[in-house]
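Summary of structural features
Listed below are the residues making up each chain.
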Amino acid sequence: EPVKIGVITTLSGGGAGLGIDARDAFQLAIKQSGNKDIELVVEDDAQKPELAVQIAEKMIQGDKVDLMTGIIWSNLAMAVVPNTVAQDVIYLSVNAGPSALAGANCNANYFNVAYQNDNFHEGMGEYANKDYKNTFILAPNYPAGKDALTGFKRYYKGALSGEVYTQVGQTDYAAEIAQIRASGADSVYFFLPGGMGIAFMKQYAQSGVGIPVMGPAFSFDQDVLPAVGDAALGVKNSASWSPDLDNEASKAFVQAFKAEYNRLPSVYAAQSWDTANLILSALSKASVKDKDAFRAALKAADFKSVRGDFTFNTNQHPIQNIYVREVVKDGDVLTNKIVATAFEKHKDAYAEQCGL
Amino acid sequence: MFTALLIEQLLNGLQLGVMLFLMAAGLTLIFGVMGLINLAHGSLYMIGAFACAVVASATGSFWLGLIASLVAAAGVGALIEVAVIRRLYDRDHLDQVLATFALILILSEGARWLFGSFPLYLDIPKLLQGAVPLPGGGQYQLYRLAIIAVGIVVAVGLYLLIARTRLGMRIRAGESDREMIAALGVDISTLYTVVFALGAALAGLAGALVGALQSVQVGMGEPVLILAFVVIVIGGIGSIKGALVGAVIVGVVDTMGRFLLPSLLALTMPAAQATTIGAALASMLIYVVMALILAFRPSGLFAAQS
Amino acid sequence: MTLLSLKGLETFYGASQALFGVDLDIRQGEVVALMGRNGMGKTTTINSIIGLVRPRAGAISFGGKAIFGMRPHRIARLGLGLVPEGRRCFPNLTVMENLVATARGSEWTFGKVVDLFPRLGERRDQYARTLSGGEQQMLAIGRALMTNPRLIILDEATEGLAPVIRQDIWAAIRKLKAAGQSILVVDKTLSELLPVADRCFVLEKGRTVFEGAPAALTPELQDRYLGV
Amino acid sequence: MTRETAINLLLAALLLALPLIAAGIGEPFYVTLATRVVVLALAAVGLNLALGLGGLLSFGHAAFFGLGGYAAGILATHAFNAEPLFAGIPGTTSMPLIWLVAIAVAGLVALPIGAISLRTTGVYFIMITLAFAQMIYYFAISWPAYGGEDGLSIYVRNSFPGLNTAQPLPYFLICFAVLIAALLLFRLIEGSRFGSAVQAARQNGVRLAAVGIPPFRIRLVAFVLSAMITGLAGALYADLNRFVGPSMLSWHMSGELMVLIILGGKGRLFGPVAGAMIFVCLEYVLGGITERWQFFLGLILLGIVLFARGGFLGLLSGKPRHV
Amino acid sequence: MSEPILEIRDLKKSFNALKATDGVSLDLQPGQIHALIGPNGAGKSTLIHQIAGSLKADSGTIRFLGQDIGSLDMAARARLGLARSFQISSLAQEFSALRNVMLAVQAKAGSSFRFFRQVTSDRRLIDPAMAMLERVGLAHRAHVPAAELSHGERRQLEIAIALALQPKAFLFDEPMAGMGPEGSKQLTTFLDGLRHEAPMLLVEHDMDAVFALADRISVLVYGRIIATGTVDEIRRDPEVRRAYLGEAA
Ligand SMILES: Nc1ncnc2c1ncn2[C@@H]1O[C@H](COP(=O)(O)OP(=O)(O)OP(=O)(O)O)[C@@H](O)[C@H]1O
Ligand SMILES: Nc1ncnc2c1ncn2[C@@H]1O[C@H](COP(=O)(O)OP(=O)(O)OP(=O)(O)O)[C@@H](O)[C@H]1O
Ligand SMILES: [Mg+2]
Ligand SMILES: [Mg+2]
């Protein structure tokens, strides 16, 4: 009997690009493994929590999947994960890492292969200490946005010349950019995922304010860089991976992904690829039907991560390096190259509260 | 220092308002004049932005892209009118809501089918890059000034079209009694196709112009749609002047709210709390304003009908 | 010369039949009265001519051209001007705009309409929805004239009008008649309608039951068909 | 019995039978799917009271749906964490209690919203109700206490005396019973003196006032009743998903509720039920067939609105208008 | 003379520059039909609207049964006993004729907040409503939706609704409009009998009807009452002949 893996991800609507990257990488990894005993059930959540819940129920009760994965967004993860793990189904996160699931509410069935939401921001906060004393920070006014700025502030030692929460889905940032210009900041840190980030970066570049910008990888990754264009050149951003990361697994991944899909992979693709390979490694050691053994096999993280060294912390969130990348032009293509390592073997701040 | 910022923010509010007006103009035309609730207006806006981005990146010319956005949006608009909208004029608003809701799904997914799932690149044209000095020492982006200018031209043009031309009179006449205007010899269905295409073209134009500032992606029309409805309802349906005033009110209130509320609240509570609560209140603000205006003027500020 | 002719016209509202065979003809320059009790099909006949309801059977020709089944705006452009029952002025247009929005041809102008109905000149920029009933009736007639029709059709020409104004309307109709305008008119006030008409048609239950000169409509016939 | 009544009974029987069969053959997911149909139908029955009977095109009913949901989520969370709500009042996991709170909250909020919104008519009413819903939506997104945009998880489904709600079938039956009760209530109201007044207010408010019935009060009561039913549905929905988040308050949700009604046939007793059955099935079936499911969903919805006047029930019963 | 049922003093209403009602005072006496005539646009409908409450007067007082009703809304005035018809029929289009009248019966009973008892089997609504339809001669059309009634039938229905309210005064705005000669005659007879139930303010252009029915006539021109009197006085008044009657008198 094949192993069934349920992949719930966003394949339609405005946020589809991320989900498609995650799905594509996952499928490619399974295909490359040559493991014929894996059956994927892929469904589109359209970025709606209720729909994601419905699909999860269907996968658990109808398809009787052994493992679940694929969700991109924190709010969808919060809707799906607690109920999934409560039904003793193992869930592996390819992207979202809300703090609520990393601390006291961590769960033996929940593995986060991507990051805890604060991680990238913490990395950038640490790195910013090197050059900047006075930073203006902004993020959307929702939990992930607050986590982001909390993460940044956790390691940043300089002063804050402004802290602004923007509206979710906001598309015009003239008012915020004017505030930045007037604030006397020496740098700007922003977390604005998706179209918000594209709009902000374009408008920021057009405004000619010129104060250096930093952000997490989300606004400077392969899915959005073509849309931001040259405005992004030279911006420092933090991530756990970069296409130029110097290890065998990563090189093979980038090459395989490009060959298959004719585009560069994003961080989402990399995390998803790792998730697939983690599952494959555990499958080779234990049967999914034996939950305890399988969980132990997952926890061992005995696979070749594209991110280099990869281990799980007690709360089953990654211990990994956080890199600082810079947007560069490789021929015609905008991409990133690593310029520094902000943290080696970084752990998240919530693990201590986890009782596992 | 603070005064200069305040002035710049006021300008930003005004500019956001004009931008909103540009989005709302086509909607007012269709919605106010033809009495049709067109939820798919945001999709036409998206089509304009996509057409502009695709053509601009293929030809390297923003201006060709702008023309393409007009043509594409008007073309799709005319097609939709003939195939779908035409059957909805004498239906109630509910049927219009459902049909145009369906159109959103079709157009959004259709666009994703054609153009892929990733956002497209579209930048402002060379000609309009840079900033112009403002009296008092500040600077303002040329492109945004250009948008203000286009918005004003559209407002004046539309106002004259509807209020002064025979075409405008016939459109308004048809709104209240399609049968009668037909019985007086006017081919109302062709007229409406033209008007719908015109409204669509305006949406497309807005999409292209605003797309250069924002992200060109599937679903970009939705937040705009709601705001555009807010704008025309505040102004009073069917009134171009109302739409302009409504847009400026929304633009200024929103900008000033985002800017001032957190600092105002900081006077009464800890800063950390003030920023988040201020932001929360700011995002609700335009809806509060709209509810207040409608509570006191149930048919908007410049209602055409009393 | 026959301007308009109807033969065996049958019209339905959904499943219920309203016209069972209406015959009618109007010659150039003639004033024809269409009469009948309430609900006998006068308005339905008129709406069938102009195409606002689609007749199911019969023949209609106007100016020698078959117009059965044509769309209303095409029929109207052939030279039919309608003053509908209930006036149906465009409420959100001003008096002036109501008149010019659908104007065609050059003979009738705003000035001439105001000569005919001075009240409309005073109310020039007022929205039609705020006009009194009589003012709206004048506007509806003016609006139809502004399309320079070969045949003008008045459904309930003087309904709801004050006696003096009714006299004005009849005077206007006489003036139009004298100028050679062909007119089809429906009205309740026989004492005013009959003197103007050249010929009369009477409908009963959707059929033409009488055709002839006003004089031929004897008091007995009036009582039988119209309840007078 | 009219054809429509027969169709209604058939629909009800179908809706009850399918989950029973599914549970029998060990396909619990279809029970869950049917529960979703039932709960969305219930929400739409609420809206139908305002929209179908009263002609009040509320584009803000997601507010009441979401408030009901949050009532359930908040009470359950407080009970789960054993923290008092305020002033020492504890949370609860008892469904009947939660329902009462959800109904009361939705009604209390609907009262001022209705009182202000009903000053307007037509499209203005559509937009002002939307505005109120958006206010609550943005508030919920940015207010951190109950999860903001991430929403609230209900870790264990709330309880109902004598039934194991964690099992899909008992929970379905609870929801089904509530739906049937709401439909009966709707039928009663529709035929009552109040219902007459509500329908007359839709057709001609001036006429209603001219005989001496104040349309404003009639509409307000209809609006509040309608919000209360939709609020109850929200509480059930939260328990179904064991999750409540701001997306329940979003304008998409309001739109979806409207869509359900139009799809089934507005103002018709079973319109919301038929609409919810069609919509959820389409979403589920199409979503399983193709990634482009929204495109085809759009085409089908368009087809229905253009060619089936009076909605699905109008098509089947052969009467485009409901009288 | 007895106490007037309806007492209007110095009522004023302008639309921008236009004085639609310009200081109108008028009394409606018990048992009388008081006709209000005047050229088109004189302000008759505007006056009716102000009395019924669908328009708010700028100034002046309206007293009904001794009570100042100026600040009440339309529904409240209707409940006090003012029943009106509209110049253009205003009905609940989807309801049958019977249900239109039943609505009035339930309004009269003040029982619109009853949620359970079904109206379709409620004899307390149906019987009185049917009786009213019979009185106006519309019983055979009781179950036809208002939208499908002919013009004349709708006018009859409006009157049935007004009757069902058992009002203390009627306000009728051109009830004969659109009725053929036959219908007008019947309605004239009918209204004649109605004056004993409640007095009536009657706006009408049909002079045959007005002269046959009216106890008193007021002539409104440009928002002012230029003459009030009996039928004969009004017929003879040269000013009225010039402004309104023409040679019709
Ligand atoms: N829209 C409609 N739907 C159904 N029946 C209709 C409709 N309009 C008119 N009828 C019916 O058709 C018949 C003819 O009506 P029509 O309006 O033509 O009469 P009419 O002679 O103009 O009467 P009136 O003198 O009252 O204006 C009537 O029995 C009427 O009830
Ligand atoms: N809402 C309004 N705005 C502006 N003017 C108005 C409004 N309503 C009515 N009028 C004007 O007030 C005057 C009186 O109108 P009203 O309808 O009362 O006349 P009427 O005496 O009933 O006439 P008719 O006999 O033709 O029905 C008219 O000149 C009309 O144009
Ligand atoms: Mg007629
Ligand atoms: Mg009048």
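Treat the numbers as computed from the prediction; the structure is a model and nothing was measured.

**Quick look at the environment of Met19(B)**
Inspection of the secondary structure puts Met19(B) in helix α1 (residues 2-34). Separated by 199 residues in sequence, Met19(B) and Val218(B) have C-alpha atoms that sit 20 Å apart. The contacts of Met19(B), once residues within four sequence positions are left out, are Asp172(A), Ile147(B), Val210(B), Leu213(B) and Gln214(B).

**Section: the state of the cysteines**
The full count for this structure, using the stated rule, is one disulfide over all chains. Bridging Cys106(A) to Cys354(A), the disulfide has an S-S length of 2.0 Å. Looking along the S-S bond of the Cys106(A)-Cys354(A) disulfide, the torsion reads about 85°, which is the right-handed sense. Placement of the pair is Cys106(A) in the loop between β4 (90-93) and β5 (110-112) and Cys354(A) in the segment after β13 (333-346), with a sequence separation of 248 residues. Per residue, the accessibility class of Cys106(A) equals that of Cys354(A), and both read buried. Take Cys281(D): it sits in no disulfide, and the sulfur closest to it among the cysteines is that of Cys175(D), at 17 Å. Accessibility expressed as a relative area gives 40% for Cys281(D), which makes it partly exposed.

**A few points about the domain arrangement of chain E**
All names here are of chain E. One can read the domain layout of chain E as domain 1 (1-81 + 167-249) and domain 2 (92-166). Between domain 1 and domain 2, the contact holds 14 residues from the first and 11 residues from the second. Carbon and sulfur atoms supply 65% of the area buried between domain 1 and domain 2, which totals about 1,000 Å² over both sides. Among the residues domain 1 hides against domain 2, the three largest losses belong to Pro167, Met179 and Phe190. Together they make up 41% of the total. In this assembly, domain 1 and domain 2 are joined by one salt bridge.

**Some thoughts on the coordination of the magnesium ion (ligand 3)**
For the magnesium ion (ligand 3), every protein donor is listed as Thr43(C) (OG1) and Glu85(C) (OE), and the spread of their distances is 1.9 to 2.1 Å. With Thr43(C) in helix α1 (residues 42-50) and Glu85(C) in the loop between β6 (80-83) and α3 (95-101), this residue pair connects regions lying 42 residues apart in the sequence.

**Considering the pairing of strand β12 (residues 318-330) of chain A**
Residue and element names in this part refer to chain A. Here β12 lies mainly inside the structure; 10 of its 13 residues are buried. Of the pairings in the sheet, the one linking strand β10 (residues 236-239) to β12 comprises four bridges and is antiparallel in character. Pairing of Lys236 across the sheet is with Glu326, part of β12. Here strand β11 (residues 311-312) pairs with β12 via two bridges, running antiparallel. Opposite Phe312, over in β12, you have Pro318 as the bridge partner. With antiparallel pairing between neighbouring strands as the criterion, β11 and β12 make up a hairpin whose turn holds five residues, including Gln316 at a positive phi of roughly 65°. Where β12 lies against β13, 10 bridges are found, and the strand directions are antiparallel. Its bridge partner lying in β13, Val327 is registered against Asn336. Taking the residues that link successive antiparallel strands as the turn, the β12-β13 hairpin has two residues, and the phi of Gly331 there is positive, at about 70°.

**Structural notes on the site of ligand 1**
Taken together, 16 residues sit near ligand 1, with Gly39(C), Lys42(C), Thr43(C), Thr44(C) and Glu85(C) positioned nearest. Each of chains C and E places residues near ligand 1. One of the side-chain nitrogen or oxygen atoms of Asn38(C) is found 2.9 Å away from an oxygen atom of ligand 1. Contact between ligand 1 and Lys42(C): an oxygen atom at 2.8 Å from a main-chain N or O atom of the residue. Per-element tally for the shell around ligand 1: the top contributor is α1(C), with three residues.

**Re the packing of aromatic side chains**
Where two aromatic rings form a pair, the distance of their centres and the angle of their planes describe that pair. As enumerated under the stated definition, the model contains 44 aromatic pairs over all chains in all. Aromatic pair Phe257(A) and Tyr261(A): ring centres 4.9 Å apart, planes at 55°, arrangement tilted. Of this pair, Phe257(A) and Tyr261(A) both sit in helix α9 (residues 248-261), four residues apart, which is roughly one turn of that helix. Classification of Phe257(A) as buried rests on a relative accessible area of 0%. Judged by its relative accessible area of 22%, Tyr261(A) is partly exposed. Ring geometry for Phe31(B) and Phe229(B): centres 5.1 Å apart, planes at 85°, overall edge-to-face. Taken together, the residues Phe31(B) in helix α1 and Phe229(B) in helix α9 (residues 221-235) connect sequence positions 198 residues apart. The exposure class of Phe31(B) is buried, given its relative accessible area of 3%. Judged by relative accessible area, which is 4%, Phe229(B) ranks as buried. Between the NZ or CZ atom of Arg150(C) and the centre of the ring of Phe62(C), over which it lies, the distance is 5.5 Å.

What counts, and at which threshold
- Residues numbered from 1 in each chain as written.
- Chains lettered and ligands numbered in written order.
- Predicted model: local features only at pLDDT ≥ 70, side-chain atom pairs only at ≥ 80, totals over all residues.
- Heavy atoms only, no water.
- Helix = DSSP H or I, 4+ residues; strand = E, 2+ residues; numbered from the N terminus.
- Contact = heavy atoms within 4.5 Å.
- Disulfide = S-S within 2.5 Å.
- Buried < 20%, exposed > 50% of the residue type's maximum accessible area, 1.4 Å probe, protein only.
- Domains from an automatic or database assignment.
- Buried area = accessible area lost by both parts, 1.4 Å probe.
- Salt bridge = Lys/Arg side-chain N within 4 Å of Asp/Glu carboxyl O.
- Donors = N, O, S within 2.8 Å, 3.2 Å for Na, K, Ca; no water.
- Pairing = 2+ DSSP bridges.
- Near = heavy atom within 4 Å.
- Polar contact = N/O pair within 3.5 Å; in protein donor to acceptor, adjacent residues only side chain to side chain.
- Phe/Tyr/Trp six-rings, centres within 6.5 Å; stacked < 30°, edge-to-face > 60°.
- Lys NZ or Arg CZ within 6 Å of the ring centre and 35° of its normal.

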